[in-house]
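Single-letter residue listing:
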Amino acid sequence: MSCKLGVNIDHIATIREARKIDEPDPIHAAVIAELAGAHGITVHLRGDRRHIKERDVEILKEIVKTRLNIEMAATEEMKNIALRVKPHMVTLVPENPGEVTTTGGLDVVGNEEKIRNFITALADEGIKASIFIDPVMEQIEKSFEIGCRTIEINTARYSDLTPIDLENCGRESKEEYEIIKEVAEKSYKMGIEVLAGHGLNYRNVTPIAKIEYISELNIGHSIIARASLVGLERAVREMLELLN
Ligand code: PXP
């Protein structure tokens, strides 16, 4: 079974916000990514609205034909938006003011009650919940305990250690890869649907896509970066080829 691709289109909105005008429009990007074969569209609605806005998620909910996954912090404000917009899936992520990108997975062990309430509220409305999580079994077991059946393993450390293909990287890179592989297998065997992402690019993605227990990857920056040079359709197709 080949690994599916969720395309994160946040950075189309980042370009739009550089001028604070109405183009490029992430809605157009979602349509092109889907036509190129993406299996899902992902956006991160940040508390500071630095790229994606509520207007974007509302229109995306209407026009996305595959699946819309909204990444968000586990706050009351975000819960209300999720319950109103009703995307296919919500991925809970940690959010720190001023960070350039998401740093680290969610600390489920330290925020058990808040996260349980959030995913229960989503489930009551038929919205699937996923948790962005470091490859640490203690965190994953806690997620399972509070009712979460989908996780996205944070590949940021692997990506940082593996800027080029795995074979040409050092020991730490291979060790991190083995950790992700082992954690993915254990989680899958517990009955958890396993996704992965963060920092993956055209050079380091293949070994992760080959892990049979991982069903989908969420990739943003490297696809949009390539799209700025070769076009979005080609960038998505080239990533899909690597996943297959
Ligand atoms: N998954 C999560 C939870 C993220 O927060 C991000 C970044 O928005 C990604 C995946 C995609 O990471 P990248 O843009 O590095 O591909």
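Description of the site of the ligand
Move 1: Taken together, 13 residues surround the ligand, and among them Thr-102, Glu-152, Gly-199, Gly-220 and His-221 come closest.
Move 2: Take Thr-102: an N or O atom from its side chain is 2.8 Å from an oxygen atom of the ligand.
Move 3: Protein contacts shield 93% of the accessible area of the ligand, which totals 400 Å² for the unbound molecule.
Move 4: Broken down by class, the residue content of the shell around the ligand amounts to three nonpolar, seven polar and three charged.

Quick word on helix α5 (residues 112-124)
Move 1: The terminal C-alpha atoms of α5, which comprises 13 residues, lie 18 Å apart, in line with the 18 Å expected from a rise of 1.5 Å per residue.
Move 2: Considered for burial, the residues of α5 that qualify are Ile-115, Phe-118, Ile-119, Ala-121 and Leu-122. The buried residues of α5 occupy one face: seen down the axis, they fall within an arc of 155°. Of the exposed residues in α5, the ones pointing more than 90 degrees away from its buried face are Ala-123 and Asp-124.
Move 3: Buried residues in α5 make contact with β3 (68-72), α4 (76-85), β4 (89-92) and β5 (128-133).

Let's talk about the packing of helix α2 (residues 26-35) against helix α11 (residues 232-243)
Move 1: One way to put it is that α2 packs onto α11 with a least axis distance of 8 Å and a crossing angle of 45°. Taken together, the axes of α2 and α11 are oblique relative to one another. The crossing of α2 and α11 is right-handed. Counted together, Ala-29, Ile-32, Ala-33 and Leu-35 of α2 and Leu-232, Glu-233, Val-236 and Arg-237 of α11 form the full contact between these two elements.
Move 2: Residue classes in the contact of α2 with α11 are distributed as six nonpolar, no polar and two charged.

Description of the environment of Ser-187
Move 1: In this structure, Ser-187 sits in helix α8 (residues 171-190).
Move 2: Ser-187 sits in the buried class, given a relative accessible area of 0%.
Move 3: Separated by 44 residues in the primary sequence, Ser-187 and Gly-231 have C-alpha atoms spaced 36 Å apart.
Move 4: If near-sequence neighbours (up to four positions away) are discounted, Ser-187 is found in contact with Met-137, Ile-140, Ile-151, Ile-192 and Val-194.

Rules used throughout
Per chain, residue numbering runs from 1 following the sequence as it is written. Thresholds applied to this predicted model are a pLDDT of at least 70 for local features of residues and 80 or more for the giving and counting of side-chain atom pairs; totals over whole chains, interfaces and linings are not thresholded and use all residues. No hydrogens and no water enter the side-chain calculation; it runs on all heavy atoms of the structure. We call a residue near a molecule or strand whenever a single non-hydrogen atom of that residue lies within 4 Å of it. By the criterion applied in these results, polar contacts are pairs of N or O atoms within 3.5 Å in which, for protein atoms, one can donate a hydrogen and the other can accept it, and in which residues neighboring in sequence qualify only through two side-chain atoms. Accessibility throughout is a Shrake-Rupley quantity obtained with a 1.4 Å probe, and a residue counts as covered only by protein chains that appear here. Following the grouping adopted for this structure description, the nonpolar residues are Ala, Val, Leu, Ile, Met, Phe, Trp, Tyr, Cys and Pro, the charged ones are Asp, Glu, Lys and Arg, and the polar ones are all others, Gly among them. The numbering of helices and of strands both runs from the N terminus, where a helix is a DSSP run of H or I of at least 4 residues and a strand a run of E of at least 2. By this rule, a helix spans an expected 1.5 Å times one less than how many residues it contains. The buried label goes to any residue with under 20% of its type's maximum accessible area, the exposed label to any with over 50%, and the partly exposed label to all in between, with areas taken from a 1.4 Å probe on protein chains only. The arc refers to the directions leading from the helix axis to the C-beta atoms. Contacts were defined at the residue level, with two residues in contact if any of their heavy atoms lie within 4.5 Å. An axis is simply a line fitted to the C-alpha atoms; with a helix, the fit covers only the stretch in contact. Between two such axes, the angle follows the N-to-C directions and lies from 0 to 180 degrees. In what follows, roughly perpendicular refers to angles from 65 to 115 degrees, roughly parallel to angles under 35, roughly antiparallel to angles over 145, and oblique to any angle outside these ranges. Crossings are classed by handedness, with left-handed meaning an anticlockwise turn of the near helix from the far one by less than a right angle and right-handed meaning a clockwise turn.

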